[in-house]
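# Structural overview for review
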Amino acid sequence: MIFAVASGKGGTGKTTVTASLAAIWEEPLTLVDLDVEEPNLHLFLKPEVMRETAAMLEVPVHDSDKCTLCGECSRFCQYKALAIMGKTMLFYPEMCHGCGGCLKICPEGALSPGGRELGRIAEGQTEFGRFFMGRLRVGEAMSPPLMQQVKQRVMEQASHGGMPNDVLGDVLIDAPPGVSCPAMHAVMDADAILLVTEPTPFGLYDFRLAVEAFYGLNKPMGAVINRVGIGDQGVDDYCRAVGIPIWAHIPNSILAAKAYSRGEIVARELPELRGIFQELKERMRAAVTVSREVERA
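It should be emphasised that the depicted structure is a prediction, and the values quoted were computed from it without experimental measurement.

### A few points about the packing of helix 1 (residues 14-24) against helix 12 (residues 271-296)
- Relative to each other, helix 1 and helix 12 sit at 90°, their axes nearing to 9 Å. Judged by the inter-axis angle, helix 1 sits roughly perpendicular to helix 12. Contacts between helix 1 and helix 12 involve Val-17, Ser-20, Leu-21, Ala-23 and Ile-24 on the former and, on the latter, Arg-274, Phe-277, Gln-278, Leu-280, Lys-281 and Met-284.

### Details of the environment of Pro-182
- Secondary-structure assignment places Pro-182 in helix 7 (residues 181-187).
- Overall, Pro-182 belongs to the buried group, its relative accessible area being 14%.
- Distance in space between the C-alpha atoms of Pro-182 and Gln-148 is 10.0 Å, their sequence separation being 34 residues.
- Setting aside residues up to four positions removed in sequence, Pro-182 forms contacts with Glu-37, Ser-143, Pro-144, Met-147 and Pro-176.

### Examining a nonpolar patch on the surface
- A cluster of nonpolar side chains, contributed by Val-179, Tyr-205 and Leu-209, occupies part of the molecular surface with about 270 Å² of accessible area.
- Residue placement: Tyr-205 occurs in helix 8 (residues 201-215).

### A closer look at the sheet that holds strand 3 (residues 48-62)
- One open sheet holds the 9 strands; their spatial order is 3-6-7-2-8-1-9-10-11, and the pairing between them is mixed. With one partner strand each, in any of the chains shown, strand 3 and strand 11 (246-251) form the two edges of the open sheet. Direction aside, neighbouring strands of the sheet carry axes that sit 20° apart on average.
- The pairing of strand 10 (residues 221-228) with strand 11 spans 4 bridges and is classified as parallel. Paired with Ala-223 across the bridge in strand 11 is Ile-246.
- Across the sheet, helix 8 lies against strand 1 (2-6), strand 9 (192-197) and strand 10, angled at about 165° from strand 9, the strand it touches most.

Criteria and cut-off values
Residues numbered from 1 in each chain as written. Predicted model: local features only at pLDDT ≥ 70, side-chain atom pairs only at ≥ 80, totals over all residues. Heavy atoms only, no water. Axes fitted to C-alpha atoms, helices over the stretch in contact; angles between N-to-C directions. Helix = DSSP H or I, 4+ residues; strand = E, 2+ residues; numbered from the N terminus. Parallel < 35°, antiparallel > 145°, perpendicular 65-115°, else oblique. Contact = heavy atoms within 4.5 Å. Buried < 20%, exposed > 50% of the residue type's maximum accessible area, 1.4 Å probe, protein only. Patch = residues over 30% accessible without salt bridge, like charges linked within 9 Å, V, L, I, M, F, W, Y side chains within 5 Å. Areas by Shrake-Rupley, 256 points an atom, 1.4 Å probe, with all protein chains shown as cover. Salt bridge = Lys/Arg side-chain N within 4 Å of Asp/Glu carboxyl O. Pairing = 2+ DSSP bridges.

And the structure:
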């Protein structure tokens, strides 16, 4: 089963929930940090990194000796990464999405495959299971291509890297916050989406955006309301109104905040919260089971 832990806004406790679920998960588990712009799951899980590689995006390399400045490539490129200025071909690699179309359309073969670094992919082992993380290069604007390569690396390791599917086990994805392309890309392969929010007007507003954005994916969704006690009942009322099940209420706790600030796992440091995360896990798995039974029926 693949679970994506997402949120409509940052700072709701998404990584806290992911790390705590990892600490109580008894079945084989793989943990994936797809919040590549600011990954921080490793700060809590403290993996032993065994391999780190560069993630590359294919971009064109221009050969001015072959180029006739016909302009076919610049007319094709929808992202304006290529442009003809007088008798000069200009290329803006940061705007290239790596589709490869310009390489195929160039009549003179003046463009050949090259590459630029998107970021880094780290693979390691934690006490809870295998760990994968992407880290976007500073200045890079596109995170989905790096996220896709991280997901591909997970599946490659599962099928070819000595990690059979039964060892891959369940997968917990720490998704980026928000509802833009990175967030959608992170949850699209999940069997269920766990939406972490907080009981404040800001939390409710962004939670509603997340529900509306992910609803069309037709996946089981449940809410985790974190820091219960600091706000109001707006999120609870909205969940009841639209039929989103609340899988867990996590009470506001200064001890939890202190544990987080030290890079500690809340479910491990506060035994009174362990039961909440165990019940959360069971509800997540039950939601996927029911969804699969409905699909088979």
